[in-house]
Each structure stands twice: as structure tokens, then as C-alpha cells.
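Coordinate inspection notes
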Amino acid sequence: MKTINIEGIINGSPIVKKCSQLIMGSGNFLRKDDREHIDRMFDTFLQVGGNTVDTAHQYGKCERRIGEWLDATGRRSELMILTKGAHHDDGEPGPRVNPRAITKDLLESLERLRTDYVDFYALHRDDPNVDVGLIMEVLNEHLKGGRIHAIGASNWTHDRIQEANDYAKSHGLTGFTFNSANLSLAKCRVPRWEGCVSAGREMCEWHEGNNMPLLAWSSQAGGFFTGRFSPDKLDDAEMVNVYYTLDNWERYARAEKLAEQKGVSRIQIALSYVLNQPFPTAALIGMETIEELLSSVNGIKVELSDQEIRWLDLMEGGEWIAQ
């Protein structure tokens, strides 16, 4: 499986971690809380070259299931962990992006995961009222303590990430080396959840300019391209509110046309869109079955040209050329 490089630090020395372009989401461990199923998913994921799992302090039971699997199998060295903390209203009210909450969540996550470090740690939300200096200082304390190997932001604007990294650089600290925002072929009309940030054109241009990796959550737009949804099917209120726009249905139609030409599925085209950006990307996938996992693995092999990506995304200069 293809990988992307994420810079980190261990014992004060810079390192590069090779993160698989498919990152396995852990939400399915709640929907299908079956130890044998979890074993099969991890075994298959590792077998096909995957090496990173996504979770969060807010997903408490998911972290515990991962920890149980690591403890039972002894395969910690084969799996990199991306977890997140400081989500609003996670066990206590109000915005929680502050040194105390960051430390509390991280230590609890480590205990649940049954490990003494996480490979990638992201702040799950932002609080613009908190000075970035306080945030970067506490994250660097945990980097120096070996509890985190690389730090990133989730649902931060690129301007705020740049501000944090400018502070880190000017104070001799380690900055964010990855971003985890929503990026998908279908664009969110409104944030899918409160406080969420999607990668629009400006953020993508920022990523292209600095080559920072983007780990895309909801990379397949909640299954928008599976065929389970249509303009006249209105029973899923969240999907209707977030994704049902004329532009997205046009993207759906174009994905279908391109999929027919390439002999693949619409959802594989949507995945390929995320993975063929002009900057490093990985896709967080909520795979619930082995079949979905293998479909995503095959989707990695689908290559899209810059012209095809622009055409899919309704951008100027991306005219369709039949082959």
C-alpha cells in the first residue's frame, strides 16, 4: 500500500513515519462490537499493507477496543495510532482546548490504548480564544516526554495552523506536521458536526504550497457515492442537510461516468479523488466489513489525472475528454 511521510520527533531526534494512505477508522468497533470481527479487520488491514488506525478520546470505547487488541496480540510495533483530544463537551462542559484538558485527555487515551505513546496526536477541535502559544507549549512538553511522536490539528483553519507553526518556529518548538480536515469529492453545504472544518480551495492551495499532509476524515462523504442516496430519497436528514446540493449531484453523475470508463465503482473514484491531490493525503475510512476494506484497497490503485480531478470537481479547465 502507498504511504505518505509524516515528520515527527523521538528523544529529541527528527524521524519520519510512513503512514498508509488508508487509515482505518475505529467507529465500526462500536457498531459491531465483536472481538472476532475486530481481529479479522485488523489482520486483513495489516496484511494488505495498512498500518494506521484512527480513534479519539471522545470515542472512549473505541480506544479501549484497540488497547485490548494490542494487549492480546502484542502487535503494537505493526500499528501506528492516530488519536485526538480536547474535543468540546467531552466529559465536561464547554470548549476544552487548553493545557489541562489536553494533558488529561492524552493520559487517559494512553491508558485506554494500553501503550506509552501515540504516533500521531491531533487536537480534535480548536478554540480561537486560546493563545496558540499555550497550546504549542503543552504539546511540546508531551513530545519531549515521548508520549507523542507527531502533532497535528483536526478541524482547525489553515490560518490558525499557520499561526501555531509560526509561534513554534520562533520559539524553538516543534510545530504541527499534519492536518486532519474533511476532504471529499462531495462538498459539505454546512459543517457535518459543530466546529468541523472542511478543506476548501484555499486550504488545499495552502497544503499544496507547504506540502503538509492532510488526513481526510469523511473522505467518502458518508457513503454519498455508494448508491444508497438519491435526490428523491430524503429519509436521512443529516445527509440531506449536508450533501444534497445540485453541485454534489453533478459530481455524483460525473463520478459515475468516469467510473464506467475506468471499470471501477463511483466510491472508488471518490476515494481516488482524495488520494490524487497535488499534496500528500491519506483517507480515514470507516470500513465496517472486509469487503469494504478490500474495495478501498482497490480504490487506491485508481489513478486520476489533474484534468480528471478538475472535471470531477466542476472546476474550470477540466473539460471531459472521452477515451
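A brief look at the structure comes next. This is a predicted model, so every value here is computed, not measured.

Re the nonpolar core
Core analysis: the largest hydrophobic core is formed by 85 residues, its most contacted members being L123, M136, L139, F176, F224 and F225. If one sorts the elements of this core by residue count, helix α10 (residues 266–275) sits on top with 7 residues. Those residues within four positions of L123 in sequence are excluded, and the remaining contacts are G85, A86, V97, I102, I135, L139, G152, A153, S154, W156 and F176.

Section: the state of the cysteines
A complete count under the given rule lists 0 disulfides for this structure. Free cysteine C19: the closest other cysteine sulfur is in C204, separated by 18 Å. Not part of a disulfide, C204 finds its nearest cysteine sulfur in C188, a span of 13 Å. Judged by its relative accessible area of 14%, C204 is buried.

Let's talk about helix α9 (residues 246–262)
If you check α9, its first and last C-alpha atoms are 24 Å apart, about what 17 residues at 1.5 Å a residue would give, namely 24 Å. Where α9 is buried, its residues meet α8 (237–243), α10 and α12 (306–312). Of the residues trailing α9, G263 is marked for its positive phi of about 70°.

What to know about the pattern of salt bridges
Applying the stated rule across the entire model yields 21 salt bridges. As a salt-bridge pair, K17 and D119 come within 2.5 Å of each other at their nearest N and O atoms. In this pair, K17 sits in strand β2 (residues 13–20) while D119 sits in the loop between α4 (99–113) and β6 (120–123), placing the two residues 102 residues apart along the sequence. Side by side, K17 and D119 carry an identical accessibility label, which is buried. R266 is the salt-bridge partner of E256, the closest N and O atoms lying 3.0 Å from each other. One end of the pair, E256, is in helix α9; the other, R266, is in helix α10, with 10 residues separating them in the sequence. Given the relative accessible area of 32%, E256 is considered partly exposed. For R266, a relative accessible area of 18% translates into the label buried. A single salt-bridge network, built from bridges that share partners, covers E92, R96, R100, K104, D105 and E108.

Here we look at α10
Two residues of an α-helix separated by three or four positions point the same way, owing to the 3.6 residues in each turn. Where burial is concerned, most of α10 is hidden: 10 out of the 10 residues are buried. Listing the buried residues of α10 in full gives R266, I267, Q268, I269, A270, L271, S272, Y273, V274 and L275.

Here we look at the pairing of strand β5 (residues 80–85)
The buried count for β5 comes to 6 of 6 residues, which makes it a mostly enclosed element. The sheet contact formed by strand β4 (residues 52–54) and β5 spans 3 bridges and is parallel. Residue pairing across strands places V53 opposite I81, the latter belonging to β5. The parallel pair β4 and β5, bridged by helix α3 (residues 60–73), forms a crossover whose chirality is right-handed. Where β5 lies against β6, 4 bridges are found, and the strand directions are parallel. Paired with T83 across the strands is Y121, a residue of β6. Of the crossover connections in this fold, the one passing from β5 over α4 to the parallel β6 is right-handed.

Observations regarding the packing of α10 against helix α11 (residues 290–300)
Their axes nearest at 8 Å, the elements α10 and α11 cross at an angle of 55°. Taken together, the axes of α10 and α11 lie oblique to each other. For the pair α10 and α11, the sense of crossing is right-handed. Along the contact surface, α10 presents Q268, L271, S272 and L275, while α11 presents S295, S296, N298, G299 and I300. Looking at side-chain class alone, the contact of α10 with α11 contains 3 nonpolar, 6 polar and no charged residues.

Quick word on the packing of aromatic side chains
Summed over all chains, the structure comprises 11 aromatic pairs. Pairing W156 with F176 gives two aromatic rings, centres 5.3 Å apart and planes at 80°, and the pair type is edge-to-face. With W156 in the loop between β7 (151–154) and α6 (158–170) and F176 in the loop between α6 and β8 (178–180), this residue pair connects regions lying 20 residues apart in the sequence. Across the pair, exposure class does not vary: W156 and F176 are buried alike. Seen in terms of ring centroids, F225 and Y252 are 6.0 Å apart; in terms of plane orientation they differ by 10°. Their pairing is stacked.

The rules behind each value
Residues numbered from 1 in each chain as written. Predicted model: local features only at pLDDT ≥ 70, side-chain atom pairs only at ≥ 80, totals over all residues. Heavy atoms only, no water. Core = buried A, V, L, I, M, F, W, Y, C linked by side-chain atoms within 4.5 Å. Buried < 20%, exposed > 50% of the residue type's maximum accessible area, 1.4 Å probe, protein only. Helix = DSSP H or I, 4+ residues; strand = E, 2+ residues; numbered from the N terminus. Contact = heavy atoms within 4.5 Å. Disulfide = S-S within 2.5 Å. Expected span 1.5 Å × (residues − 1). Salt bridge = Lys/Arg side-chain N within 4 Å of Asp/Glu carboxyl O. Pairing = 2+ DSSP bridges. Right-handed = clockwise from strand over helix to strand, strands pointing away. Axes fitted to C-alpha atoms, helices over the stretch in contact; angles between N-to-C directions. Parallel < 35°, antiparallel > 145°, perpendicular 65-115°, else oblique. Left-handed = near helix turned anticlockwise from the far one by under 90°. Nonpolar A, V, L, I, M, F, W, Y, C, P; charged D, E, K, R; others polar. Phe/Tyr/Trp six-rings, centres within 6.5 Å; stacked < 30°, edge-to-face > 60°.

Limitation: the analysis is restricted to geometry and does not speak to function.
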